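# Analysis of the macromolecular model
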Amino acid sequence: MSASAQAHPVVVLAAAAHPDDIEFMMAGTLLRLKDAGAEIHMWNLANGHCGTARHAREEIIRLRAGEVAASAKLAGAISHPPLFDDLAIFYDQPSLARVGAVVRAIRPAIILTQAPQDYMEDHQNTCRLIVTAAFARGMANFTTEPPQPAWDAPLALYHAMPHGLRDGLGRMLEPDLIVDTAPVLARQRAMLACHRSQKEWLDVSQGVGAYLNEMERMRIDVGRMSRRFTHAEGWRRHNMLGFGPDAFNPLQELLKGAAHVTTAE
Ligand SMILES: [Zn+2]
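The sections below set out a description of the structure shown in this document. What you see is a predicted model, and the numbers here were worked out from it, not measured in a lab.

### Quick word on the pattern of salt bridges
One pass over the full model with this rule turns up 15 salt bridges. Two residues, Arg32 and Asp180, come together in a salt bridge whose shortest N-O distance is 3.8 Å. Within this pair, whereas Arg32 is found in helix α2 (residues 27-35), its partner Asp180 is found in strand β6 (residues 177-180), the two being separated by 148 residues in sequence. The exposure class of Asp180 is buried, given its relative accessible area of 15%. The structure contains a network of salt bridges with shared partners spanning Glu214, Arg217, Asp221 and Arg224.

Written out as structure tokens, the structure is:
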């Protein structure tokens with residue numbers, strides 16, 4: 001079976017907490033999957049309303065929604081609206097029901113999401129909500145809000161590296177899969193540059209270019225870990241128990257030599 005068959009493209013969902021988290025940690029891989037024939041979806045669970053020192057709540061939500069739409073358009077992605085405020089992403093039943101509805105509606109075969117260990121609770125809670133929503137995709141008695149029919153197909157979940165490649169206690173984490181993102185670096189920078197409200201904020205406080213350079217620096221760090229790519233993104237695949245057969249690894253199948261396994265399975 002060819003994973004890149006055009007008639008039934010592989011559906012990929014990139015799900016992260018805040019507007020620009022996908023661009024920072026996942027967009028290179030997402031673009032490579034798009035180029036390999038996948039249908040790509042982008043979803044930040046929160047609206048980014050705390051990401052400002054100068055705009056009022058409704059104004060920044062509107063601004064950031066526009067930035068998200070511009071970035072998704074550049075990527076050729078389908079964008080999904082946020083459900084929560086920043087710092088209000090909680091692992092609870094009502095949130096699970098809402099997140100579960102979106103996962104069921106999209107029907108992804110690949111989910112890219114945040115690391116289980118990260119410096120920020122919104123990131124970790126997003127990861128937990130997404131993992132459980134995906135796990136419950138086929139459970140008929142798990143009711144989503146709004147209701148969406150259950151389905152049962154293999155789904156592989158990959159965790160991005162945390163920001164700075166360190167967990168919440170500052171310990172370095174090692175990826176088990178590294179994707180060559182050098183060919184899409186310019187597009188990834190263009191996507192991140194769409195987040196103008198964030199770029200201006202960081203460039204003023206940390207110097208011109210700081211925002212885009214920070215993203216690129218992490219690509220170079222992971223590229224060095226790979227010993228073969230100049231710019232790369234690292235991933236850790238979630239345990240397949242409850243998600244599909246262990247051999248199901250569509251990210252690697254689609255990207256072939258551009259995805260390098262760093263540890264023996
Ligand atoms: Zn974030």
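From this point, the narrative continues.
### A closer look at the coordination of the zinc ion
Distances from the zinc ion to its protein donors, His18 (ND1), Asp21 (OD), Asp21 (OD) and His123 (NE2), fall at 2.1 to 2.4 Å. Each of the four donor atoms around the zinc ion contributes to a set of angles spanning 56 to 129°, which defines the coordination as irregular. Within one chain, the residues serving as donors to the zinc ion are arranged as H-x2-D-x101-H. Placement of His18 in the loop between β1 (11-16) and α1 (21-25) and of His123 in helix α5 (residues 121-135) is noted, with a sequence separation of 105 residues between them. Both residues of the pair, His18 and His123, count as buried.

### Side note on the pairing of strand β2 (residues 39-44)
In terms of residue burial, β2 counts as a mostly covered element, since five of its six residues are buried. The pairing of β1 with β2 spans six bridges and is classified as parallel. Bridging across to β2, Val11 finds its partner in Glu39. Where β2 lies against strand β3 (residues 78-80), three bridges are found, and the strand directions are parallel. For Trp43, the partnering residue across the bridge sits in β3 and is His80. At this point the chain moves from β2, through helix α3 (residues 57-75), to the parallel β3, and the crossover so formed is right-handed.

Procedures and definitions
Residues numbered from 1 in each chain as written. Predicted model: local features only at pLDDT ≥ 70, side-chain atom pairs only at ≥ 80, totals over all residues. Heavy atoms only, no water. Salt bridge = Lys/Arg side-chain N within 4 Å of Asp/Glu carboxyl O. Helix = DSSP H or I, 4+ residues; strand = E, 2+ residues; numbered from the N terminus. Buried < 20%, exposed > 50% of the residue type's maximum accessible area, 1.4 Å probe, protein only. Donors = N, O, S within 2.8 Å, 3.2 Å for Na, K, Ca; no water. Tetrahedral: all angles 85-135°; square planar, octahedral: opposite > 155°, others 65-115°. Pairing = 2+ DSSP bridges. Right-handed = clockwise from strand over helix to strand, strands pointing away.

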